[in-house]
Every structure is written in C-alpha cells, then in structure tokens.
Amino acid sequence: MDYHRLGSTGLKVSRLALGCMSYGDPTSPNAHPWALDDNEAQPFFRQAVELGVTFWDTANVYQQGTSEELVGHAIIRYSRRDDIVLATKVHGKMHDGPGGQGLSRKAILEQIDASLARLGTDYTDLYQIHRFDPATPVEETMEALHDIVKAGKVRYIGASSMYAWQFAKLQHAAERGGWTRFVSMQNQYNLLRRQDERELMAMCGDMGVGLVPYSPQGKGRLARPWGEQSHRSSSDKVVQAFDSPYDEPVVNAVQQVAAARGATMAQIALAWVLHNPLVSAPIVGATKPHHLPEAVAALDLHLTDDEIGTLEEPYTQHGPSWY
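Structural notes, computed from the coordinates. (Residues numbered from 1 in each chain as written. Predicted model: local features only at pLDDT ≥ 70, side-chain atom pairs only at ≥ 80, totals over all residues. Heavy atoms only, no water.)

## Focus on the pattern of salt bridges
And step 1. According to the stated counting rule, one finds 12 salt bridges in the structure shown.
And step 2. Across the pair Arg 80 and Asp 83 runs a salt bridge whose closest N-O atoms are separated by 3.0 Å.
And step 3. Exposure remark for Asp 83: the relative accessible area of 37% places this residue in the partly exposed category.
And step 4. We note a salt bridge from Glu 197 to Arg 194, for which the minimum N-O separation is 3.2 Å.
And step 5. Note on Arg 194: relative accessible area 11%, which makes it buried. (Salt bridge = Lys/Arg side-chain N within 4 Å of Asp/Glu carboxyl O. Buried < 20%, exposed > 50% of the residue type's maximum accessible area, 1.4 Å probe, protein only.)

Have a look at this one:
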C-alpha cells in the first residue's frame, strides 16, 4: 500500500480509503436496506487492515449512527486507534431537536460528542461537514469547528459536496477569523460525473486541499456492462436517480479499455480517478470479498494517454450530482 499526504498537510493516508456507508444496522430508521450488519461487515475491516487500507470514512447519519459503532468495534478487534486515520461527518438529521442536524454551533458541539461516543474514541482525525448549511452563518460554523479542533476532539477538518462559491465562502470566513481551515474535499468524482473539475476541484488544487472523492466507480455503474444490475442498484433509489442516458457511452468505453488491458471495469474506473494528481485517496466501498483486493491491485494500473482519451471522450457535461 502506498501512503500519501492529505493535500498539503503533513498527515499521511493510505492511497485508498475504506468507505463505510455500506455498514450498519439495515433495520435502523432511514437505513440503506442493503447495508451489512456487524457480523457481515467485520471481515471487510480485517481485510482492509491486512491490505494496509487504514484510512476509514464514515458519517453520523449512516444507518443512524450504527456505522460509526461498527467502525469503533473494528478498530478494537483488528488494529490500534493510532494506526487508523478515522474520518466521520456532520450535517444530516439525527433527531428532531435543535442540535440534531445542520451546522449550527449547537449541532456541531453535540454531534461531535455523539460520534466520538459511538466510535469509542476521544478524537477523530478528520471531521467533515457533509453538506453546506444555508441556514447557518458560515462564521458560526467555522468557529465551532475551530473550537473542537482546539479542544482536541478533531485533528483536521474537511468538507463534502457543495458549490465552489460555498466552499470559498467557508474558507474565507476561517481565514478572516483566524480559525482552522478545511484540508480536504470529499466530492463525487468519476468518469460519469466530472462537473467539479472546472471550479471546485481547480480551486482545491490552488488551495492545497486534498480530494478524497466518493463513488469513483459511479455507484457501481462503471463496474459492470451497461444494463447489468446489482442488489444495490436494483433497490437503491439514490442509484436509480443517479442514472442518465448520457452515461451509456462512457460505460461502454470503460468496458472496451478493460477488455483490452485484461483488467476489470472497476479497476479501470478507479485507475482513471487515481491518475488525477489532485486526488489524495479515493473512497472505495467493499461488500464482497474481491472488492478491496481488486481496488488495491488498481494502484499498479497506469493508464496510457490514449486510454485516458478513450475513457474521457464520450463524457457529456451534466449535473451537479452530490449523492
């Protein structure tokens, strides 16, 4: 496993991050029905440690907090807290009270403590705002995040999918206030969704903000020929809403390059994301035994300029797509 700095920070992370949205109690409120429970999920954490994938990403809203609980259990079972770069998020609705959602000071202070309790730790390495909160002044959000960094509960802060102007507004508020700035951006980035390249990603590169993109394989659509379905894609409304008629030529191009290289489609899609120098660590999910080893093998797959051209040529700009 390769380890790279997260953006311009001194923090080194594994070149791949384990995405934990697929783990947690599938019977909890608003849970993904395809989520893996504790017994089903634990082998993937063990496999991640064995492969050197030590950057783990979850969120408070994933299966109503039970994903965080599973992650905490896995750290105790298979690793040491100091060996894992642990990331979680805040913004989504956890309850109806005033601190149950959003990025107000009350919500941030309440939700970091709740996340740490579920994770079984006294700090998280990367605390990310899951979305922009138009109902809260950016100064309130950034000062609250700064305060939990100074309190020792958070080492670094990051953001996730939003418009470039929103991210710029948050960073500017932090700079004016003398507060901690974001070091990472978790946006959706894959061959099917490239709308962030021109503005958000370019700005992150200029700021030294590392990218930790989710869905590098386009919700699995880039991992199988056009029209094939998985359990998730046949039942997940988010995946079904993600689909676009513009995507078929891109999927076909991935299949073409994969066949020529003797690689899987998932590896080709991931290798394309990895070739972008702004990307610190793509987030990969794992629900089957071959998923993580296949993703790690893609680290050694270097695409030629001709292959990159073949993959990029069919793309049609559309979006944004933040889920």
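Picking up after the structure, the text goes on.
## Quick look at unusual backbone geometry
And step 1. One non-glycine residue with positive phi stands out, namely Asn 30, at about 60°.
And step 2. Relative to the assigned elements, Asn 30 resides in the loop between strand E3 (17–19) and helix H1 (38–51).
And step 3. Overall, the relative accessible area of 75% leaves Asn 30 in the exposed class.
And step 4. A positive phi angle, near 55°, is found at Gln 64, a position not held by glycine.
And step 5. Here Gln 64 is to be found in the loop between strand E4 (55–57) and helix H2 (66–78). (Helix = DSSP H or I, 4+ residues; strand = E, 2+ residues; numbered from the N terminus.)

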